[in-house]
Amino acid sequence: MSETSVASGQFGQYPPAQRTIIHLSDTHLLAENVALGGRYDTEANLRRTMERVVELGLTPDALVFTGDLTDLGEPDAYERLRTVVEPAAAEWGCPIVWVAGNHDERPALREGLLGLEPTEEPVLGEWDLGGLRLLALDSSVPGWHHGDLDDAQLEWLRARLAEPAPLGTILALHHPPLPSHVPLFDILELQRQERLAEVIAGSDVRAILAGHLHYSTSGTFAGVPVSVAAATCYTMDIGRPSLSVNGMDAGQSFHLVHVYDSTITHSVVPVAGAADGDYFTPEWYERMSRLTRAERLEVFSRKPDKSGSTNP
């Protein structure tokens, strides 16, 4: 039995995930790899992140980057982004979902990443991932850092949600429709959120993916789970009082999104690794795969008898 077949087996009450998405955010690349803020090597941090993604040893159904792909919207920065990310996606044969953020420039993004006319039109997208519908919105506002969704986008979204998808819908946008305990982000939040709530009410939207905050967090919006992925470039050190939170070159991570029939999980994967315990190996799982459910519980779940006596 191969490692792949063992990994896809059912060891508990949930069958394997139907779809898998890698959710990354806020790469903030600069032309000629200039250090962001004079201190952050954003390209090196992205390369380390992609190496970690490849180490997962899986074939995702999509790579989703929720905005602030570049810091200044420079064409060279978008080209550098493609150079780092596209080889892995090409090997997996999966789409890359590029979402516009407040630091991006729509014309350069449209031309450099999508091969479209370099206009100020919102960057929207729709993907059918084997019955799972993924919709990308553009919450960027040209000339500003706060977010908003105009009437045309909301009508575009409403039209697509009119017919449910077999596995439901996931939305991806940059500005999360959530509050932040870090006050500066409230200034730059998604405006007029009630309009988005009205459109998705009663629809098949199962999850919302976002970025912007540079730290991982989650919540609900209009009854829909929202998952915010931290940045690959630098993260916000939220282990400080909220009024003194600042960036740090540590704690980078991305999300591993598993879509099940009844739920969707969002697992935070740290980019920085460490030596593991070397106990749970493919061979261990292979042995477990040969056991019945009751035998697995007996071998792995039962606690040892601390008294030394035999259980009645």
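Structure first, text after, so check above.
Residues numbered from 1 in each chain as written. Predicted model: local features only at pLDDT ≥ 70, side-chain atom pairs only at ≥ 80, totals over all residues. Heavy atoms only, no water.

Asks: Explanation requested: the packing of helix H5 (residues 151-161) against helix H7 (residues 193-200) in the structure shown.
Replies: At a closest axis distance of 9 Å, the pairing of H5 and H7 adopts a crossing angle of 15°. By the angle between their axes, H5 is roughly parallel relative to H7. You can see that H5 and H7 cross each other, and the crossing is right-handed. Between H5 and H7, the residues in contact are Asp-151, Leu-154, Leu-157, Arg-158 and Leu-161 and Arg-195, Leu-196, Glu-198, Val-199 and Ile-200, respectively. In terms of residue class, the contact of H5 with H7 is built from six nonpolar, no polar and four charged. (Axes fitted to C-alpha atoms, helices over the stretch in contact; angles between N-to-C directions. Helix = DSSP H or I, 4+ residues; strand = E, 2+ residues; numbered from the N terminus. Parallel < 35°, antiparallel > 145°, perpendicular 65-115°, else oblique. Left-handed = near helix turned anticlockwise from the far one by under 90°. Contact = heavy atoms within 4.5 Å. Nonpolar A, V, L, I, M, F, W, Y, C, P; charged D, E, K, R; others polar.)

Asks: Explanation requested: the sheet that holds strand S7 (residues 205-210) in the structure shown.
Replies: In any sheet, the strands associate via hydrogen bonds between backbone groups, in a parallel or an antiparallel arrangement. Taken together, the six strands give an open sheet; going across it, the order is S4-S5-S6-S7-S9-S8, and neighbouring strands pair in mixed fashion. Across the chains shown, the open sheet's two edge strands, defined by having one partner strand only, are strand S4 (125-129) and strand S8 (217-221). On average, each strand axis in the sheet is inclined to that of its neighbour by 20°, with strand direction left out of account. In the sheet, strand S6 (residues 169-172) pairs with S7 via four bridges, with the strands oriented parallel. Considered in S7, the bridge of Leu-171 is made with Ile-208. Lying on the sheet, H5 is in contact with S4, strand S5 (132-136), S6 and S7; it crosses S5 at an angle near 175°. Along the sheet, H7 contacts S6, S7, S8 and strand S9 (224-228); its crossing angle with S8, the most-contacted strand, is approximately 65°. (Pairing = 2+ DSSP bridges.)

Asks: I'm lost on the nonpolar core in this one. Help?
Replies: In a soluble, globular protein the nonpolar side chains are often hidden away together inside. Counting 34 residues, the largest nonpolar core has Leu-157, Leu-196, Ile-200 and Ile-208 as its most contacted members. For this core, the secondary-structure elements that each account for two or more residues are H5, H7, S7 and S9. Not counting chain neighbours up to four residues away, the residues in contact with Ile-208 comprise Leu-171, Leu-173, Pro-177, Ile-200, Phe-221, Val-224, Pro-225, Val-226 and Ser-227. Membership of the second largest hydrophobic core comes to 29 residues, among which are Leu-29, Met-50, Trp-92 and Cys-94. (Core = buried A, V, L, I, M, F, W, Y, C linked by side-chain atoms within 4.5 Å. Buried < 20%, exposed > 50% of the residue type's maximum accessible area, 1.4 Å probe, protein only.)

Asks: What is the right way to read a negative patch on the surface from this model?
Replies: Together, Glu-105, Glu-120, Glu-121 and Asp-150 make up a region of like negative charge exposed at the surface. Structurally, the position occupied by Glu-120 is in the loop between helix H4 (106-114) and S4. Glu-120 sits in the partly exposed class, given a relative accessible area of 41%. (Patch = residues over 30% accessible without salt bridge, like charges linked within 9 Å, V, L, I, M, F, W, Y side chains within 5 Å. Areas by Shrake-Rupley, 256 points an atom, 1.4 Å probe, with all protein chains shown as cover. Salt bridge = Lys/Arg side-chain N within 4 Å of Asp/Glu carboxyl O. Lys, Arg positive; Asp, Glu negative; His and termini not counted. Charge placed at Lys NZ, Arg CZ, Asp CG, Glu CD.)

Asks: Help me understand unusual backbone geometry, please; the structure alone is not making it clear to me.
Replies: Trans is the common state for peptide bonds, and a negative phi is the common state for residues other than glycine. The backbone of His-28 shows a phi angle near 50°, a positive value even though the residue is not glycine. Within the secondary structure layout, His-28 lies in the loop between strand S1 (19-24) and helix H2 (42-55). The class of His-28 is buried, set by a relative accessible area of 3%. Phi at Arg-192 is positive, roughly 50°, even though this residue is not glycine.

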